[in-house]
Amino acid sequence: MCSSDLGEIEGQAPTAKDNGTVQVPKAKFIDDVEDYMKGKDPEQTLNELQTLYQQYKQIEQGLQQNRIRLGNKLPEIKRALETVKLLKDKASTGDELDMDFELTDSVFAKAKVRDAKSVYLWLGANVMLEYSLDEAETLLTTNHLNCGRNLETNKSDLAFVKDNVTITEVSIARVYNWDVKRRKDTGDAEKKDRKSVV
């Protein structure tokens, strides 16, 4: 096998960017299989395409899991933001507010809140910090916007990866069919040669 053959396919291999979004080189559609396969081993080429296909599928699965996580996070951030806005509105009027708040999963407590000055927000990794209402609103607004943008980026990345999966599947089928036809033609030619010798 030539090293340039492997580089042509390995150069398409997906890699991750530092900023968390996925950088996936576009899969190349094999337009002319005969020309593409000149000087290449069909089995090795099929193995390389299968490897590339598996890499695309792995990235697709990661993006789908990330999409689910972001989809679950977005309503939580929105609910927290609405709560902070409600607390700000009630703090300015001096009205008492009856609230149910979550202690843990499926465990809630009732509270009467008047003139709230701050809130505690879970940041993750069992970390909770106290923020003033204005700071909390700013943080949650920023997080809500970022989560929405990340969800949109994820959607476009996922569509791109799915296109690459399809292109790679088609390439595998085309190379496989080309190899079957080549073997059949080679076998027919050998049979003709044997008949002419007899």
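Note that residues are indexed from 1 along each chain, following the sequence as it is written. Totals for whole chains, interfaces and linings use every residue, but because this is a predicted model, local features are given only for residues with pLDDT of at least 70 and side-chain atom pairs only at 80 or more, for both listing and counting. Note that water and hydrogens are dropped before the side-chain values are worked out from all heavy atoms of the structure.

A. Summary view of unusual backbone geometry. Positioned with a positive phi, Ser 106 is a non-glycine residue whose angle comes to about 65 degrees. Numbering goes from the N terminus for both helices and strands, where a helix is a DSSP run of H or I of at least four residues and a strand is a run of E of at least two. Note on placement: Ser 106 falls in the loop between strand 3 (96-104) and strand 4 (107-114). Not every positive phi belongs to a glycine, and Asn 126 is a case in point at roughly 60 degrees. Mapped onto the elements, Asn 126 comes out in the loop between strand 5 (118-124) and strand 6 (127-132). When accessible area is computed with a 1.4 Å probe and restricted to protein chains, residues below 20% of their type maximum are described as buried, those above 50% as exposed, and intermediate ones as partly exposed. Classification of Asn 126 as exposed rests on a relative accessible area of 73%.

B. Region of interest: the packing of aromatic side chains. For this analysis, a ring pair means two rings from Phe, Tyr or Trp (six-membered ring only for Trp) whose centres lie within 6.5 Å, classed as stacked if their planes differ by under 30 degrees, edge-to-face if by over 60, and tilted for the remaining angles. Taken as a whole and judged by the stated rule, the model has 0 aromatic pairs. Charge-over-ring placement is defined geometrically: NZ (Lys) or CZ (Arg) within 6 Å of the ring centre, and within 35 degrees of the ring normal. A cation over an aromatic ring shows up here: Lys 40 above the ring of Tyr 36, its NZ or CZ 3.6 Å from the ring centre.

C. Spatial organisation of the side chain of Thr 168. Along the polypeptide, Thr 168 turns up in helix 4 (residues 133-197). For Thr 168, a relative accessible area of 2% translates into the label buried. Ignoring sequence-local partners within four residues, the contact set of Thr 168 consists of Ala 27, Leu 49, Leu 52, Tyr 53 and Tyr 56. Whether two residues touch is decided by their heavy atoms; if any such pair falls within 4.5 Å, the residues are in contact.

D. Highlighting the pairing of strand 3. We treat two strands as partners when DSSP finds at least two bridges between them. Sheet analysis places strand 3 next to strand 4, joined by 8 bridges and oriented antiparallel. Bridging from a neighbouring strand, Glu 96 pairs with Arg 114 of strand 4.

E. Geometry of the environment of Gly 94. Relative to the helices and strands, Gly 94 resides in the loop between helix 3 (42-93) and strand 3. What makes Gly 94 partly exposed here is its relative accessible area of 32%. Between the C-alpha atoms of Gly 94 and Val 113, which are 19 residues apart in sequence, the distance is 9.8 Å. When sequence neighbours within four positions are dropped, the list of residues in contact with Gly 94 reads Arg 114 and Asp 115.

Read these as geometric descriptors, not functional statements.
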